[in-house]
Amino acid sequence: MPALREALRDLPDAVFADVLESEDAYLFVLDLPGVTAESIDATVEGGRLRIEGQRTKDTPGEFRFVREDRSVFLDVELPLPPDTTGQGAEGTVENGVLELRLPKATAAPKTTIPIDED
């Protein structure tokens, strides 16, 4: 998972992420303040996890920005560990914390192949 570790280090400064592993899945946890389930998309393609999010900024009418450092858009792409495909993945977001559970690919169960004589 060196590529994943490297990608996590390259995330924007405002994005904090953890990756956890169990016997059967990986759990990606990202802090994305202001993002809702309606404003975020997560996809898996070609061995990569892509997360796109957007949040709105409400500015009271009598105020204007003097400095604006909080990004409105998020576009992150992370390499997946080789033992996951994204099949059966699940995601939730609550209070700006996105959790993506990606099951590990499991080997096919043992199958006996019948052999017939000609």
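Structure shown above.
Rules of the game
- Residues numbered from 1 in each chain as written.
- Predicted model: local features only at pLDDT ≥ 70, side-chain atom pairs only at ≥ 80, totals over all residues.
- Heavy atoms only, no water.
- Pairing = 2+ DSSP bridges.
- Helix = DSSP H or I, 4+ residues; strand = E, 2+ residues; numbered from the N terminus.
- Salt bridge = Lys/Arg side-chain N within 4 Å of Asp/Glu carboxyl O.
- Buried < 20%, exposed > 50% of the residue type's maximum accessible area, 1.4 Å probe, protein only.
- Axes fitted to C-alpha atoms, helices over the stretch in contact; angles between N-to-C directions.
- Phe/Tyr/Trp six-rings, centres within 6.5 Å; stacked < 30°, edge-to-face > 60°.
- Lys NZ or Arg CZ within 6 Å of the ring centre and 35° of its normal.
- Contact = heavy atoms within 4.5 Å.

**Q** Just checking my understanding: could you explain the pairing of strand S7 (residues 97-103) for this structure?
**A** Put simply, side chains in a regular strand alternate between the two faces of the sheet. Inspection of the sheet shows strand S2 (residues 25-31) paired to S7 by seven bridges, in the antiparallel sense. Each residue of the ladder has a partner; that of Leu 27, found in S7, is Arg 101. Taken together, the five bridges between strand S6 (residues 90-94) and S7 define a ladder with antiparallel strand orientation. Following the sheet pairing, Glu 90 is matched in S7 by Arg 101.

**Q** Which parts of the structure should I look at to understand the pattern of salt bridges?
**A** Proximity of charged atoms lets side chains of opposite charge pair with each other. Per the stated rule, a full pass over the model turns up six salt bridges. Close ionic contact of Lys 104 with Glu 21 constitutes a salt bridge, the shortest N to O distance being 2.7 Å. A residue pair is termed long-range when its members are at least 10 positions apart, and Lys 104 in the segment after S7 and Glu 21 in strand S1 (residues 16-21) qualify at 83 residues. Take Lys 104: its relative accessible area is 15%, and that puts it in the buried class. Glu 52 is the salt-bridge partner of Arg 50, the closest N and O atoms lying 2.6 Å from each other.

**Q** Just checking my understanding: could you explain the sheet that holds S6 for this structure?
**A** Within a sheet, neighbouring strands are paired by backbone hydrogen bonds and run either parallel or antiparallel to one another. The strand order S1-S2-S7-S6 describes an open sheet built from four strands, whose pairing is antiparallel. The outermost strands of the open sheet, each flanked by one partner alone, are S1 and S6. Recorded for the sheet is a direction-independent mean angle of 15 degrees between the axes of neighbouring strands.

**Q** In this structure, what is going on with unusual backbone geometry? I would like to understand it.
**A** Peptide bonds are mostly trans, and most non-glycine residues show a negative phi. If you check the backbone angles, Asn 95 has positive phi at about 55 degrees while not being a glycine. Note that Asn 95 resides in the loop between S6 and S7.

**Q** Whenever I open this one, the sheet that holds strand S4 (residues 48-54) confuses me. Can you help?
**A** Spatial strand order, S3-S4-S5: three strands in an open sheet with antiparallel pairing. The outermost strands of the open sheet, each flanked by one partner alone, are strand S3 (40-45) and strand S5 (73-79). Each strand of the sheet is rotated relative to its neighbour by a mean of 10 degrees, with strand direction disregarded. Sheet analysis places S3 next to S4, joined by six bridges and oriented antiparallel. Bridge assignment links Glu 45 to a residue of S4, and that residue is Arg 48.

**Q** Is there a simple way to explain the packing of aromatic side chains in this structure?
**A** Aromatic ring pairs are described here by two measures, namely the spacing of the ring centres and the angle between the planes. Under the defined criterion, the tally for this structure stands at zero aromatic pairs. Sitting over the face of the ring of Tyr 26, Lys 104 holds its NZ or CZ atom 5.1 Å from the ring centroid.

**Q** Help me understand the environment of Ala 25, please; the structure alone is not making it clear to me.
**A** You can see Ala 25 is positioned in strand S2. When the C-alpha positions of Ala 25 and Ala 105 are compared, they lie 8.5 Å apart, and in sequence the two are 80 residues distant. For Ala 25, the contacting residues outside a window of four places in its chain are Leu 20, Arg 101, Leu 102, Pro 103 and Lys 104.

Any link to function would need more than the numbers given here.
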